[in-house]
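# Notes for the structure review
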Amino acid sequence: MSARRTVVLLFGGRSSEHEISCVTAAGVLRAIDRELFDVIPVGITKRGATVLVPEEDLLSFRLEAGALPTVADNGTRVLWPASLDTRSLTVIEQEGGLRSLGHVDAVIPMMHGPFGEDGTVQGMLELVDLPYVGSGVLGSALAMDKHVAKTVLADAGIAVAPWRTVTRFELDRDPYLAERLDEGLSYPLFVKPARAGSSVGVSKVSERAGIPAALDLAFAEDSVVLIESGVVGREVEIAVLQGRGGAAPRTSSVIGEIVFTGREFYDFEAKYLGAAGVELALPAEVTEAEFEAIRDAAVRAFEVAQLAGLSRIDFFLTADGPVLNEINTLPGFTPVSMYPRLWEESGLSYTDLITELVELAIETHR
């Protein structure tokens, strides 16, 4: 990519991961190669308003306990291209005037959770024919829904943890269903929203009596809840990048490991607020055979789920081999997040990783 490009950095959104998205976008803005890219920061408020965010406002975002950043409604409104004849965005200024933001080469959607990572934003961008970073509608939607993803992956021969799903309607129809949700599963159980991320709404349950409270927490995030057997194994993660020119997906040359030193599981506070009880081992100590098994399963999952761009794929490394835990199509992307750190350890810097993702988006746009 030689000519200077203009990219939209899209962040915020209506999900419970709004604040994480804001911090992710701030990290990208700080690191993106400004000799290659002009950046238009576009935020989506929690109420769904699409606003033009001054760079200095976005750069001020930090993730700290008690001070989580959000996209403020500043009165502007960003309008997407009116037809396929243009890739130009327009902003309605606070005073009501219209101003063109110029031609856009690609969109970097740094949005996590529903209404951002689940195919909805991807579909909107395809409607207006804008190239974008990451997986398409199908891959995004499939990976976001843990039940559907596990069903497809298991059918492809990829090991996943045993699970079942339940809806609020099913529980209302059968008041005793909650007492049977653990049948065929092994404690501890993990109760989680089927379509959420960043460990929001997730509980670890050690006995049947804890299931109702865990269901209430998960139902606050989604209408479908997953109940999953705990898997005995090391929690490891690997980074995947789409191959160039139709080549096979690439993976980081190392994996990372979540090491628990007193915390029950890798929850929101541990992931983003530096809570004690969890350490990240990077690179993780694994044998060559273990690494190859994780790498091969990750590439297989990336292809089976029809993913594109990037993905972080999480496994439990058990005595019988890797068991896939989750696929993250838009993983945490701050400079200290696992995905860019895995590539940093593999020789690809944070700035160059952003460049590669934009180039992939433009190269593969149809």
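See above for the structure.
Reference entry: report on the structure contained in this document. (Residues numbered from 1 in each chain as written. Predicted model: local features only at pLDDT ≥ 70, side-chain atom pairs only at ≥ 80, totals over all residues. Heavy atoms only, no water.)

Our focus in this paragraph is the sheet that holds strand β5 (residues 88-92). Spatially, three strands are ordered β4-β5-β6 in an open sheet, and the strand pairing comes out antiparallel. Each edge of the open sheet carries a strand with a single partner, namely β4 (77-79) and β6 (98-103). Looking at each pair of strands side by side, their axes are set apart by 25 degrees on average, direction ignored. Here β5 runs beside β6; their pairing, made up of five bridges, is antiparallel. (Pairing = 2+ DSSP bridges. Helix = DSSP H or I, 4+ residues; strand = E, 2+ residues; numbered from the N terminus. Axes fitted to C-alpha atoms, helices over the stretch in contact; angles between N-to-C directions.)

With that settled, consider the packing of helix α1 (residues 18-31) against helix α11 (residues 350-364). Taken N-terminus to C-terminus, the directions of α1 and α11 make an angle of 100 degrees; their axes are 9 Å apart at the nearest point. In terms of their interaxial angle, α1 and α11 are classed as roughly perpendicular. Between α1 and α11, the contacting residues are T24, G27, V28 and A31 on the first element and Y350, T351 and I354 on the second. Its residues placed into classes, the contact of α1 with α11 shows four nonpolar, three polar and no charged. (Parallel < 35°, antiparallel > 145°, perpendicular 65-115°, else oblique. Contact = heavy atoms within 4.5 Å. Nonpolar A, V, L, I, M, F, W, Y, C, P; charged D, E, K, R; others polar.)

Another aspect to go through is helix α7 (residues 211-219). Every buried residue belonging to α7 is among I211, A214, L215, A218 and F219, and all of these are buried. One side of α7 holds all its buried residues, which, seen down the axis, span an arc of 130 degrees. Of the surrounding secondary structure, the elements contacted by the buried residues of α7 are β8 (163-167), α6 (168-173), β9 (189-193), β10 (203-205) and β11 (224-229). (Buried < 20%, exposed > 50% of the residue type's maximum accessible area, 1.4 Å probe, protein only. Arc of directions from axis to C-beta.)

Let us now look at the pattern of salt bridges. Applying the stated criterion to the full structure yields 22 salt bridges. In this structure, D174 engages R180 in a salt bridge whose closest nitrogen and oxygen atoms are separated by 2.7 Å. Classification of D174 as partly exposed rests on a relative accessible area of 23%. With relative accessibility at 31%, the residue R180 sits in the partly exposed group. R244 is the partner of E359 in a salt bridge, and the nearest nitrogen-oxygen pair spans 2.4 Å. Residue E359 is located in helix α11, and its partner R244 is located in the loop between β12 (234-241) and β13 (250-251); the two are separated by 115 residues in the primary sequence. According to the relative accessible area criterion, E359 is buried, its value standing at 17%. (Salt bridge = Lys/Arg side-chain N within 4 Å of Asp/Glu carboxyl O.)

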